[in-house]
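This is what each chain is made of:
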Amino acid sequence: MKSSATATFKRKTSEKLKKLQKYLFDTKPNLDEEDFRLLLLGDEKDLPGLMWHCATNDRKNKSKLKKSSHTALAILYQITAEYPCREEFVNYLVDLEDDELKGMALHRHILESKKTQDFTAFKIAQIIHSKRKFLPLKTYIQSPEAVTLFEEWKKN
């Protein structure tokens, strides 16, 4: 049985991400590099960024990502695909430090895609790969199995 605190936290996380998504795509504010940094990495105190949310574990099953992790990754991809300043955002994203790119846990999303059929992580990995061709895939896809799945997906 879920504790009410856990259920509330999950709901709050999901609700906050949905509000962020609605705000970004309803109002389409002009974003600059500082906004990109806050969106992706958060601040150093108490505001986690989308990249942190992409890698959060399910409380019951630590080997599984939370639903909000998938939502955060979807928002991140939606910005790269649909936002008015998407090119600037993509450039900022791909210029992040290697350790920061690892923070998205793309390998975990790719591995879970076998069950979920969600290919968002593949699309984000493709964006990074297209802009940083000489960066080894294992730098931001930290599992040999996930790298193989990505390479197979890329061929199709």
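These figures come from a predicted structure and were not determined experimentally.

1. As for the nonpolar core
By size, the foremost hydrophobic cluster in this structure holds 40 residues, and its most contacted members are Leu76, Ile79, Met104, Leu106, Tyr140 and Ile141. Ranked by residues supplied to this core, first place goes to helix H8 (residues 120–131) with six residues.

2. Here we look at the pattern of salt bridges
A full pass over the atoms with the stated rule returns six salt bridges. Salt-bridge contacts for lysine 131 lead to glutamate 87; the nearest nitrogen and oxygen are separated by 3.6 Å. With a gap of 44 residues between them, lysine 131 in helix H8 and glutamate 87 in helix H5 (residues 86–94) connect regions that are remote in the sequence. Residues aspartate 98 and arginine 132 are paired through a salt bridge, measuring 3.2 Å at the closest nitrogen-oxygen approach. Taken together, the residues aspartate 98 in helix H6 (residues 98–102) and arginine 132 in the loop between H8 and helix H9 (144–155) connect sequence positions 34 residues apart. For aspartate 98, a relative accessible area of 28% puts it in the partly exposed group.

3. Remarks on the confidence of the model for the protein chain
Looking at the protein chain as a whole, its pLDDT mean stands at 87, while 90% of the residues score no less than 70. Residue range residues 1–10 is modelled with pLDDT below 50. Its contacts to residues more than four positions away, or to other chains, number six contacts.

4. Here we look at the packing of helix H7 (residues 106–116) against H8
Close contact between H7 and H8 brings their axes to 9 Å; oriented N to C, the two are set at 135 degrees. Taken together, H7 and H8 sit at an angle that is classed as oblique. Residue-level contacts link Leu106, His109, Ile110 and Ser113 of H7 to Ala121, Phe122, Ile124, Ala125 and Ile128 of H8. Its residues assigned to classes, the contact of H7 with H8 comprises seven nonpolar, two polar and no charged.

5. A few points about the packing of aromatic side chains
Scanning the model with the defined rule gives six aromatic pairs in all. Centre to centre, the rings of phenylalanine 25 and tyrosine 83 are 5.5 Å apart; their planes meet at 85 degrees, and the pair counts as edge-to-face. Here the residue phenylalanine 25 occupies a position in helix H1 (residues 4–27), and tyrosine 83 occupies one in the loop between helix H4 (67–82) and H5, the gap between them amounting to 58 residues. Residue phenylalanine 25 is classed as buried on the basis of its relative accessible area of 13%. Ring plane angle 50 degrees and centroid distance 5.9 Å describe the contact between phenylalanine 36 and tyrosine 92, whose orientation is recorded as tilted.

Reading the values: the criteria
Residues numbered from 1 in each chain as written. Predicted model: local features only at pLDDT ≥ 70, side-chain atom pairs only at ≥ 80, totals over all residues. Heavy atoms only, no water. Core = buried A, V, L, I, M, F, W, Y, C linked by side-chain atoms within 4.5 Å. Buried < 20%, exposed > 50% of the residue type's maximum accessible area, 1.4 Å probe, protein only. Helix = DSSP H or I, 4+ residues; strand = E, 2+ residues; numbered from the N terminus. Salt bridge = Lys/Arg side-chain N within 4 Å of Asp/Glu carboxyl O. pLDDT = per-residue confidence, 0-100. Contact = heavy atoms within 4.5 Å. Axes fitted to C-alpha atoms, helices over the stretch in contact; angles between N-to-C directions. Parallel < 35°, antiparallel > 145°, perpendicular 65-115°, else oblique. Nonpolar A, V, L, I, M, F, W, Y, C, P; charged D, E, K, R; others polar. Phe/Tyr/Trp six-rings, centres within 6.5 Å; stacked < 30°, edge-to-face > 60°.

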